[in-house]
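# Structural features, examined
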Amino acid sequence: MICLSKENEELKILFENALKKQLEKLSGSSNKKIETKLGRAVTAALLEVFLKLPQRKAGSPRAAYFSAEFLPGSFIMSSIANLGLEDILNKTLKEKGFNTEALNRLSDPALGNGGLGRLAACLLDSAAAEDIPLDGYGIRYKYGIFRQGIRNFEQTESPDLWQEDSTFEKEKREDAVKVTFGDSQVLAVPFDVPIVSKNRINRLRLWQCESLKSVDFEAFKKGDICSAFKDQNTADSVSGFLYPPDDTEEGKILRLKQQYFFSAASLSSILKDFKKTDRAIIYLGEYVKIQLNDTHPTVAIPELLRILCEDYGKDFETALKISGEIFSYTNHTVMAEALESWEEPLFCKVLPKVYPYVVMLSNHLKQNVQNPELIKRIAIIKNGRISMANMAV
């Protein structure tokens, strides 16, 4: 991540020169997919500018925003606007025979569907504008939810293939991490998006789920096609669609896997960066603060407890103290769908290594709340279900 100079004139000159150089490469090219070609040219020009600016010191304190949704609009046009480069962009495109209409035809990232995602995107933009080091973490959904259309006066819905037009992400395969479920292990591959302002560039890190195993060729030779591609299909589904239907057992399992997938991968990424500070793990709370956007990433709490106890050898009380210094939680509504709860057997089946720490949290709460009526309302585990909102609070 980069800290930008508050003097914008040099930035404008750098951008204009870089953009002219990129647009010259398009001279004489066909108009086929011109919006994608222009998007790549503008992105390359912006990245060239970013690389020439001073880097932020590694290991500096930061905040993190975990969210199942982000609804940012166009990363390119947002960055241009935030940096005050609209006039330079319009002038340079016009000189080279292009215009911004083609850029506006690029698909917006299908990473959210409403207020929750828009709030998350606005918070990232505001943090960058206010020079606050805040990184977002979420899922790189392949299809988003759906693309709407009208056919014969009726609404149609189809997968949103937004990644075909994506030009503003950078794959960081060297930072990939493994995520373990009860029945499988997958690879979380990060794609980073710069969130820019005149004061700072922060980062939105989106995780794509991939299989650790190739096609089972033995099963394929036997004609068992479903088994041959099972691992790949399972991994693809984790970062496939936002909010899979949860009215079936399979849908509930997939939702919980999605939430744990990006929460666990994001914690691994943060801890990897923290190790570069050479500080003891008890000081993790001085390095990072994590805001949980609604209950979807709440599973990050018992996952961090598990990591602190099992990987760093801390006792539960110490791990709980460290975690308490790190996590905060935003609740947006008291509607049932925003106050997720999971059946204990399902949670234990999907995340058997995390479940014991949910039980420890529940027991700790019961031991420290003496009011029987109050504990009935705020219990983490009640009637065989795990309340994620109560866990977050």
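We now turn to the structure provided with this report.

### Here we look at the pairing of strand β3 (residues 134-139)
- Most of β3 is tucked away: six of the six residues are buried.
- A two-sided burial pattern is seen for β3, the buried positions comprising L134, G136 and G138 on one face and D135, Y137 and I139 on the other.
- Alignment of strand β2 (residues 62-66) against β3, held across four bridges, turns out to be parallel. Within β3, the position partnered with A64 by the bridge is D135.
- The sheet contact formed by β3 and strand β9 (residues 200-211) spans four bridges and is parallel. Opposite G136, over in β9, you have L204 as the bridge partner.

### Re the packing of aromatic side chains
- Taken as a whole and judged by the stated rule, the model has six aromatic pairs.
- Among the aromatic side chains, those forming a connected cluster through ring pairs are F66, Y137 and F262.
- Sitting above the plane of the F191 ring, R140 keeps its charged end 3.9 Å from the centroid.

### Here's the deal with the environment of E286
- Assignment of secondary structure puts E286 in helix α11 (residues 284-287).
- It is 8.2 Å that separates the C-alpha atoms of E286 and E325, two residues lying 39 residues apart in sequence.
- For E286, the contacting residues outside a window of four places in its chain are P61 and R279.
- A distance of 2.8 Å separates polar atoms of two side chains, one belonging to E286 and the other to R279.

### Considering the packing of helix α2 (residues 34-51) against helix α3 (residues 75-82)
- Two elements in contact, α2 and α3, have axes separated by 10 Å at closest approach and are oriented at 40 degrees. Between α2 and α3, the interaxial angle falls into the category oblique. The two elements α2 and α3 cross, and the hand of that crossing is left-handed. For the pair α2 and α3, the contacting residues are G39, V42, T43 and L46 in the first and I76, S79 and I80 in the second.
- The residue inventory of the contact of α2 with α3, partitioned by class, reads four nonpolar, three polar and no charged.

### Points about the nonpolar core
- Ranked by size, the top nonpolar core spans 109 residues in total, and within it F15, F66, F261, L284, I290 and F347 carry the most contacts.
- Top element by residues in this core is helix α10 (residues 249-275). It accounts for 12 residues.

### Comments concerning the sheet that holds strand β13 (residues 381-382)
- Taken together, the three strands give an open sheet; going across it, the order is β12-β14-β13, and neighbouring strands pair in antiparallel fashion. Every interior strand has two partners, whereas the edge strands, β12 (341-343) and β13, have only one.
- Two elements, β13 and strand β14 (residues 385-387), share two bridges in a ladder whose sense is antiparallel. Considered in β14, the bridge of K382 is made with R385.

### What to know about unusual backbone geometry
- Positive phi values are uncommon outside glycine, yet D131 reaches one of about 60 degrees.
- In this structure, D131 sits in the loop between α6 (115-129) and β3.
- Positioned with a positive phi, N152 is a non-glycine residue whose angle comes to about 55 degrees.
- Of note, N152 is situated in the loop between β4 (147-151) and β5 (154-158).

### Here we look at helix α13 (residues 316-326)
- Within α13, burial applies to F316, A319, L320, I322, S323 and I326. Down the axis, α13 shows its buried residues gathered within 165 degrees of arc, on one side only. The exposed set on the far side of α13, more than 90 degrees from its buried face, consists of K321 and G324.
- Those residues of α13 hidden inside the fold are in contact with α11, β10 (288-293), α12 (300-310), β11 (327-330) and α15 (355-368).

### Observations regarding the side chain of Q259
- With respect to the helices and strands, the residue Q259 is situated in helix α10.
- Residue class for Q259 comes out buried when judged on its relative accessible area of 5%.
- At 3.0 Å, the side chain of Q259 and the side chain of E340 are in polar contact.
- What Q259 contacts, discounting residues up to four positions off in sequence, is H296, V299, E340 and W342.

### Details of the environment of E171
- Among the secondary structure elements, E171 is positioned in strand β6 (residues 170-171).
- Using a relative accessible area of 37% as the deciding quantity, one classes E171 as partly exposed.
- Sequence spacing of E171 and P190 is 19 residues, and the spatial spacing of their C-alpha atoms is 6.1 Å.
- When neighbours within four sequence positions are excluded, E171 is seen to be in contact with V189, P190 and F191.
- Within the structure, E171 has its side chain in polar contact with the side chain of R173 (distance 2.5 Å).

What counts and what doesn't
- Residues numbered from 1 in each chain as written.
- Predicted model: local features only at pLDDT ≥ 70, side-chain atom pairs only at ≥ 80, totals over all residues.
- Heavy atoms only, no water.
- Buried < 20%, exposed > 50% of the residue type's maximum accessible area, 1.4 Å probe, protein only.
- Helix = DSSP H or I, 4+ residues; strand = E, 2+ residues; numbered from the N terminus.
- Pairing = 2+ DSSP bridges.
- Phe/Tyr/Trp six-rings, centres within 6.5 Å; stacked < 30°, edge-to-face > 60°.
- Lys NZ or Arg CZ within 6 Å of the ring centre and 35° of its normal.
- Contact = heavy atoms within 4.5 Å.
- Polar contact = N/O pair within 3.5 Å; in protein donor to acceptor, adjacent residues only side chain to side chain.
- Axes fitted to C-alpha atoms, helices over the stretch in contact; angles between N-to-C directions.
- Parallel < 35°, antiparallel > 145°, perpendicular 65-115°, else oblique.
- Left-handed = near helix turned anticlockwise from the far one by under 90°.
- Nonpolar A, V, L, I, M, F, W, Y, C, P; charged D, E, K, R; others polar.
- Core = buried A, V, L, I, M, F, W, Y, C linked by side-chain atoms within 4.5 Å.
- Arc of directions from axis to C-beta.

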